[in-house]
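# Results of the structural survey
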Amino acid sequence: MTTTPQPAEPTRATAAPGANAATVEQRARADLPVQGMTCAACVRRVEKALRATPGVAEATVNLVTQRATIAYDARTTTPAALAHAIVEAGYEVPEVPDASALGGAPAAPADAGVTAASADGAASADAGDTAASADAGATAASAAAPPPRPHPAASERAAAMDAAEQRERRALRRDVAIAALFTAPLLAVAMSHGALPALEGTFGRWLSLALATVVILGPGRRFFRLAFGALRHRAADMNTLVSLGAGAAWLYSTAAVVAPGLFPHAEHGHLPPVYFEAAAAIVTFVLIGRLLETRARKRLADAVRGLVALQPKTARRLRGDAEDEVPAAALAPGDLVLVRPGERIATDGEVVRGASAVDESMLTGESMPVDKTAGSAVLGGTLNQSGALTLRVTKTGADTALARIVDAVEQAQGSRAPIARLADVVSGIFVPVVAAVASLAFVAWLAVDPTAAGLATAIERFVAVLVIACPCALGLATPAAVAVGTGRGAELGVLVKGGAALEAASRVDTVLLDKTGTLTSGRPELTDVVALAGHGEAELLGLAAAAELQSEHPVARAIVEGARGRGVGLPAASDFRAEIGHGIEARAAGRVVRAGTAAWLRRAGIDTGALEAEAERLAAQGRTPSFVAVDGRLAGLVAVADRPTEEARRAIAALRQLGVEVAMVTGDRAGAARAVAEELGIRAVFAEVRPEDKARIVREQRAAGRRVAMVGDGINDAPALAGADVGVALGSGADVAVASADVALLRGGIAGLPVALDLARATLRTIRQNLFWAFIYNVLGIPIAAGLLYPLTGWLLSPVLASAAMSLSSVSVLANSLRLRAFGRG
């Protein structure tokens, strides 16, 4: 179990009348692995148990990731009490390393008695005891008022979850092997139809009873245990249906073998039919389905595992002249760490010695290695390439950029999409309705034929209806697709913060884009060089760049980089002086060069009239012109502009292909905005707007019926991002966890936007496909199993085939969801 204390939130300080002190909430979050859930009914039961625990503010349980996320008051309850509530609801909470592994205060361990109860499937207390123990735990927790515990590292959390899943898979493989070993001869006996005379009659029936009993009371015990747990809480789930179906077939058949005289016509030598093969096959096929589901679930978490694997297990910590190899989890802020070439950086820090190039592509999407020198920030999980670095640790554990990305992906995978509401509603009444339909089918078939043969047929229909119904497929339809979609997004550098954001993004038809830093690079580039007669363009540019070389102004840097990019040599310059907001003057190649505004040149008695019209034309195109004079005479002008990036061009074209309207919303002047918009083919432009005006434009677009995505930097555009249907931030690994947006694009800047929208649409298509087939399967399968079509078609579905179909239905939903892993690979 893991605990993440949030920043202290004394938001609700309440004092009883006459009290001297106020009780202040200490909000924390716990992530608990939950085993044994099979359908949406299980999810609701766990959520209900957690929300009934004192101190719990909110609880969300995800069927696919098998995880419960709980927001609670750390002064009222503890993770151990939360785990106890889950176990009392009939499920298991595997042991997970506590926070002490990170050098913090240890998390409260789970009660040994609780663990035993979960393993044996029997609790030592009833519902009243549960409430009492929860209250007692709450009182103790309140008295102790433990300080918030540090959040375990993502690697610790992932390793613990992997270990729990491996134990579950091992148990399932063992049970499947045992069940299949005993079910195969049962099916052979049932299908021999006299081909094996030795297996006919009493011997064959007692052999079938023995084989089926091993399957039912061995591998099948888990279904009865979980169904009993649900019954204790006046609930029903998938295990209830399997237990009723397999149990009814086994009990009826056992009675038919042990006491055949109870059945009509037995005294005339007519032995009643038995359905041992159906009882055993139900258990076997459902177990096979569960095993396939666990394998598929493992692939759902591949994105998180891939991120976690980036963090090295150890680091070289420096203490004076000594170098010690220590676990990465043991590092603390302020420690000095040595990172050699070819090694991954263990945690976030700041370089204090050395120089190197670091590959950050796995976190920031930067395709080229980034040069790092003293004072540079580095991120844990990135790859040091060329030189040795000594860095001072600044962040560890859950505070690192990598951990926050992993946390964002895990929370997104565990969230729900609004489209799942229908499935949740149906799942809530599914099991009682199916039990009612099965009972109705039993009564109807028995009424049609009240003989012994009719009773056998009625039981067969009863069992078939129970085992073919599959709430698992409905429960998995949405969370499976959301988990795969968000995981694939993380691999592509797109962090989508949950199912609701995915669904909203899939419906976007209008995108509002900020200009600077979103559509453009955010830094000026040289665009024009205009030379008057007597001066060549290269000569003019060389003199201007030489004069600007000592200036730190962005326009000056753009002119210098532009000259170098065009292969123009820069003569030596001296006597540099600058006047902020006006221009510069320097001596280059023995000539006096003055560059800047028209007013700056006129103050030196230089007439700029010959080029003012050209300057106005360039300014109207969004460019920034600078007049250049040489030896007191106008020589020409140079212009710079913040140009659209190639990524922006590709993104706009891709958005058009998706049928999305694009508009620019910027605080820049109208001329610059229009110039960039024309270059990119954007027709709608809102220029010279303040941040609050951007939010107003978003509201107006939504009021007009548009589904709006606002793209910005996540800081200046926060009001607009929050007001849009979908807020999209251009982030990096360092700021993604605090971005005020629903979607963060980590790689390729704006080029990731079409990928995000297309992935959202693909995920929603997959969810709709899953829901459609899950509903169709149940709508068609249940009537066929009940025999409703028998009078018209003669179709009857055996319980054996019904159980196989049920297992395959949930596996097919997972397989369909896993197709999203191929998104963007073609």
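Counting restarts for each chain: residues are numbered from 1 in the order of the written sequence. Owing to the predicted nature of the model, reporting of local features is limited to residues with pLDDT of at least 70; listing and counting of side-chain atom pairs is limited to 80 or more, with chain, interface and lining totals taken over all residues. Hydrogens and water molecules were not included; the side-chain quantities draw on all heavy atoms of the structure.

## Here's the deal with the packing of aromatic side chains
The aromatic pairing rule takes the rings of Phe, Tyr and Trp, using the six-membered ring of Trp, and pairs them if the centres are within 6.5 Å, calling planes under 30 degrees apart stacked, those over 60 edge-to-face and the rest tilted. Summed over all chains, the structure comprises 3 aromatic pairs. Ring centres of F772 and W773 lie 5.0 Å apart, and the angle between their planes is 80°; on these two criteria the pair is classed as edge-to-face. Summary of the burial criterion: residues with accessible area below 20% of their type's maximum are buried, those above 50% are exposed, and those between are partly exposed, where the area comes from a 1.4 Å probe applied to protein chains only. The exposure class assigned to F772 is partly exposed, which follows from its relative accessible area of 45%. When its relative accessible area of 56% is taken as the criterion, W773 is described as exposed. By definition here, charges over rings are those cases where NZ of Lys or CZ of Arg is within 6 Å of the ring centre and within 35 degrees of the ring normal. A cation over a ring is seen here: R594 above W600, with NZ or CZ 3.7 Å from the ring centre.

## Side note on the confidence of the model for the protein
Taken over all residues, the pLDDT of the protein has a mean of 78, while the share at 70 or more is 79%. Mean pLDDT across the secondary structure elements of the protein bottoms out at helix α3 (residues 112-120), with 33, and peaks at strand β9 (residues 336-339), with 93. For residues 1-23, every residue scores under 50 in pLDDT, and the model assigns this stretch 54 contacts once sequence neighbours within four places are set aside. Each residue carries a pLDDT value, the predictor's own confidence for that position, ranging from 0 to 100. We count a stretch as a helix when DSSP gives it H or I for four or more residues in a row; a strand needs E for two or more, and each element gets its number in order from the N terminus. Every residue pair with non-hydrogen atoms within 4.5 Å of one another is taken to be in contact.

## What to know about unusual backbone geometry
The backbone of D575 shows a phi angle near 55°, a positive value even though the residue is not glycine. Summarising the element assignment, D575 is placed in strand β19 (residues 573-579). A relative accessible area of 59% places D575 in the exposed class. The phi dihedral of A589 falls on the positive side, at around 55°, and the residue is not glycine. With respect to the helices, strands and loops of the structure, A589 is situated in the loop between β20 (583-588) and β21 (591-596). A589 gets classed as exposed once you look at its relative accessible area, which sits at 52%.

## Overview of the sheet that holds strand β7 (residues 314-319)
Paired strands are those between which DSSP finds at least two bridges. Taken in spatial order, the 6 strands line up as β8-β7-β9-β15-β10-β13 in an open sheet, and their pairing is antiparallel. Looking along the sheet, the strands with just one partner apiece sit at the ends: β8 (322-327) and β13 (377-378).

## Brief notes about the sheet that holds strand β16 (residues 494-496)
In space, the 7 strands of this open sheet follow the order β16-β28-β27-β26-β17-β24-β25, with mixed pairing throughout. Of all strands in the sheet, those with a lone pairing partner are β16 and β25 (684-686), marking the two edges. Averaged over all pairs of adjacent strands, the angle between strand axes in this sheet comes to 20°, irrespective of strand direction. For strand β24 (residues 661-665) and β25, the ladder comprises 3 bridges, and the chain directions are parallel. Each bridged residue has a counterpart across the sheet, and for A663 the counterpart in β25 is A684. Only the contacting stretch of a helix is used when fitting its axis, a line to C-alpha atoms as for every element, and angles between N-to-C directions run 0 to 180 degrees.

## What to know about the packing of helix α8 (residues 238-258) against helix α14 (residues 452-468)
Packing of α8 against α14 leaves a shortest axis separation of 8 Å and a crossing angle of 160°. In terms of axis orientation, α8 runs roughly antiparallel to α14. Crossing geometry of α8 relative to α14 is assigned as left-handed. Residue-level inspection shows L241, L244, G245, A248, A249 and Y252 of α8 in contact with α14, the latter providing L455, A456, I459, F462, V463, L466 and V467. Looking at side-chain class alone, the contact of α8 with α14 contains 12 nonpolar, 1 polar and no charged residues. Our angle categories are set so that under 35 degrees counts as roughly parallel, over 145 as roughly antiparallel, 65 to 115 as roughly perpendicular, and the remainder as oblique. Rotating anticlockwise by less than a right angle from the far helix to the near helix defines a left-handed crossing, while the corresponding clockwise rotation defines a right-handed one. Polarity classes work like this: nonpolar for Ala, Val, Leu, Ile, Met, Phe, Trp, Tyr, Cys and Pro, charged for Asp, Glu, Lys and Arg, and polar for all others, with Gly in that last group.

## Thoughts on the nonpolar core
Remark: nonpolar core denotes a set of buried residues (Ala, Val, Leu, Ile, Met, Phe, Trp, Tyr, Cys) joined through side-chain atoms within 4.5 Å. Within the largest apolar cluster, 89 residues are counted, with the highest numbers of intra-cluster contacts made by M37, L50 and I70. At 10 residues, helix α9 (residues 276-300) tops the list of elements feeding residues into this core. With near-sequence residues (within four places) excluded, M37 lies in contact with C42, V43, V46, V61, N62, L63, Q66 and Y91. A477, A481, I652 and I750 belong to the second-largest nonpolar core, a separate cluster that totals 45 residues.

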